[in-house]
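Fold and geometry: a report
In case you want the letters, here they are:
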Amino acid sequence: MVSLVCSGLLVAAAHASIPSVPDETYEALKLDRNTVTPKQMHEALVKRYKDPAQGAGRGTMAEYWEPIPYGIYLDPATFYTPPSSMKEVAGRSECVECHTDESPVWVQAWKRSTHANLDKIRDLKPSDPTYYKKAKLEGVEKNLRSMGKLGEKENLKEVGCIDCHVDINAKKKADHSKDLIMPTADVCGVCHLQEFAERESERDTLIWPHDQWPAGRPSHALDYKANVETTVWAAMPQREVAEGCSMCHTNQNKCDSCHTRHEFSAAESRKPEACATCHSGVDHNNWEAYSMSKHGKMVSMLGNKWNWDVQLKDAYAKGGQNAPTCAGCHMEYEGEYTHNMVRKIRWANYPFVPGIAENITSEWSEGRLDSWVVTCTQCHSERLARSYLELMDKGTLQGLAKYQEAHEIVETLYNDGLLTGQKTNRPAPPAPEKPGFAQFSQLFWSKGNNPASLELKILEMGENQLAKMHVGLAHVNPGGWTYTEGWGPMNRSYVEIQDENTKFREMMALQERVQKLESKRTSLLDLDSTAEKISLGGLGGGMLLAGTLALAGWRKRKKIEG
């Protein structure tokens, strides 16, 4: 009996059935949840992760751009090579000794980290808020044993420089000029298999009903692919400017965008500020909207009293938290907290994307809305939660309708060939972009009258102002959708577009009348002719008529004086 129990425990220990990883991922990887080992799980994840056909590397537009020197750090798996100037061969302790002089801040951060203090984790008591790390460490060691990187009775002493930058639990010395790597997400996933698998499951749980977005996007798991396969990013000759996008689209490639090296503090990554660098700005001002909401203000006023060291699932019960954070809302799904942040996505930040609004009341979207209700009812009643989510949806649709009306006006001007310089000064965009109307690329590329000012205005109205309106609604920031951002600026753009459209149309009508008169060889000064009297409408016509009358009067006076 004892031997059966022990045998069962050993078998269980070798399995990688991770409850927080959805069935869709096991199915996509063709793995049996009940029998797969950590080694098999990691290998399957890495095979897909490194597959160019599934998003790794330079993408389908690689022929149009070359990396700049800094770019090697943004996609290290593709571009990084060890420095040829460094010839040192060093062991575990020598790395620390040398870098204490060469880059002391790295070492100070690492010494504060859990990585440098694994024995401290083993000694944690149940009363410690970080006690959960003890079980995590045991899970890490189980993974490493399954992968053949840790002996059966061996404990991991530390995670030092050599473990991440050469190989985990490496015993031999490393040559800087040959062995050094920059850790990518799959490297972190050797130990942090659960978190890596959760993050990778974003590919499998965001499948849009009508392909409104490519499968698995938008997400952290495929954000670099989304970046390098954007036409304007690939086309821009200003590569240093383009890398401003890459700086945030690196979660696919590495983990330190959220878990800052070399302390890799979980407590730090739970704070809203950790998300702010990327989730901010003119087209996705999540940080600004959240910060100005009541939720964000409570965090700024009270957050220093909370215990950020507790796990997310215990933040309210044990951490003293009494307002939501980015991680608390977006990492939660049906009561579980994971690194998959896309299972509740419905609007995907950009309401103008074709098919998004039409899908918002579908069964697919309603199911995700129900999951948001679960999130919100941690603090609010279900009635309040549903009523606010309804407000968010309807408010977004109202903003979308305003944008669509303005968009139709500008697109009609484009189709009629009336935008400024459209027929005389509209150079073609650089490859791989193709000529077209109101394209995303025109936010970052311009030449001559491409884009026309009205075209850029409608682009900004959709990509920026409408997006801000939705984000303000989603983050409960009233000024962020009604006045300061969102509806107010959209209304201003609408008015300006209507004004310019009227001017274009009146000018066009005036030109047509003038051409008609010229074709009949009728003098504009022949105002006595009833049959061919000029009738000019609008401001432009009035000005021309006033000028004609003045000229006729002047000639009559001259004739009398003569």
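None of the values given here were measured: they were computed from a predicted structure. (Residues numbered from 1 in each chain as written. Predicted model: local features only at pLDDT ≥ 70, side-chain atom pairs only at ≥ 80, totals over all residues. Heavy atoms only, no water.)

1. Description of the nonpolar core
- One finds Ile458, Met461 and Ile497 to be the most contacted residues of the largest nonpolar core, which totals 41 residues.
- For this core, the secondary-structure elements that each account for two or more residues are helix H22 (363–376), helix H23 (382–415), helix H24 (453–474) and helix H25 (487–519).
- For this core, the element with the highest residue contribution is H23, accounting for nine residues.
- Residues Ile18, Val21, Leu45 and Ala197 belong to the second largest nonpolar core, which totals 15 residues. (Core = buried A, V, L, I, M, F, W, Y, C linked by side-chain atoms within 4.5 Å. Buried < 20%, exposed > 50% of the residue type's maximum accessible area, 1.4 Å probe, protein only. Helix = DSSP H or I, 4+ residues; strand = E, 2+ residues; numbered from the N terminus.)

2. A short note on the pattern of salt bridges
- Considering all chains together, one arrives at 30 salt bridges under this definition.
- A salt bridge links Arg112 to Glu263; the nearest nitrogen and oxygen atoms lie 3.3 Å apart. One end of the pair, Arg112, is in helix H6 (residues 104–112); the other, Glu263, is in the loop between helix H16 (239–246) and helix H17 (266–269), with 151 residues separating them in the sequence.
- With a relative accessible area of 53%, Arg112 lands in the exposed category.
- The class for Glu263 is partly exposed, based on a relative accessible area of 26%.
- Each of Arg92, Glu158 and Asp163 takes part in a single network of salt bridges with overlapping partners. (Salt bridge = Lys/Arg side-chain N within 4 Å of Asp/Glu carboxyl O.)

3. Describing the state of the cysteines
- Within this structure, the stated rule accounts for one disulfide.
- Bridging Cys248 to Cys278, the disulfide has an S-S length of 2.3 Å. Residues Cys248 and Cys278 are joined through a disulfide that is left-handed, its torsion about the S-S bond being -95°. Taken together, the residues span a long stretch of sequence, with Cys248 in the loop between H16 and H17 and Cys278 in the loop between helix H18 (273–276) and helix H19 (286–292) at a distance of 30 residues.
- Here Cys275 stays unpaired: no disulfide links it, and the sulfur of Cys326, its closest cysteine neighbor, is 4.1 Å away. (Disulfide = S-S within 2.5 Å.)

4. Focus on H6
- Buried within H6 are the following residues: Val107, Ala109 and Trp110. Down the axis, H6 shows its buried residues gathered within 165° of arc, on one side only. Of the residues in H6, the exposed ones pointing more than 90 degrees away from the buried face are Val105 and Arg112.
- Structurally, H6 contributes buried residues whose contacts are with helix H5 (92–102). (Arc of directions from axis to C-beta. Contact = heavy atoms within 4.5 Å.)

5. Brief notes about the confidence of the model for the chain
- Mean pLDDT over the chain works out to 91, with 90% of the residues at or above the 70 mark.
- Taken as a whole, residues 1–12 scores under 50 in pLDDT and shows zero contacts with residues more than four places along the chain or in a different chain.
- Across residues 530–539, confidence stays below pLDDT 50; counting only partners more than four residues off in sequence or on other chains, it has 14 contacts. (pLDDT = per-residue confidence, 0-100.)

6. Section: the packing of aromatic side chains
- In the structure shown here, the tally under the stated rule is 13 aromatic pairs.
- Note on Tyr49 and Phe196: the rings are 5.6 Å apart at their centroids and 85° apart in plane angle, and the pair reads as edge-to-face. Taken as a pair, Tyr49 in helix H3 (residues 38–49) and Phe196 in helix H12 (residues 193–200) lie far apart in primary sequence, 147 residues in all. In this pair, the class of Tyr49 matches that of Phe196, namely buried.
- An angle of 40° between the planes, with centres 4.9 Å apart, marks the rings of Trp208 and Trp364 as tilted. (Phe/Tyr/Trp six-rings, centres within 6.5 Å; stacked < 30°, edge-to-face > 60°.)

7. A word on the side chain of Ser113
- Examined against the element boundaries, Ser113 turns out to sit in the loop between H6 and helix H7 (118–122).
- For Ser113, a relative accessible area of 2% corresponds to the buried category.
- At a separation of 3.3 Å, a polar atom in the side chain of Ser113 contacts the main-chain amide nitrogen of His115.
- Ignoring anything within four residues of it in the chain, the contact list for Ser113 reads His262 and Glu263. (Polar contact = N/O pair within 3.5 Å; in protein donor to acceptor, adjacent residues only side chain to side chain.)

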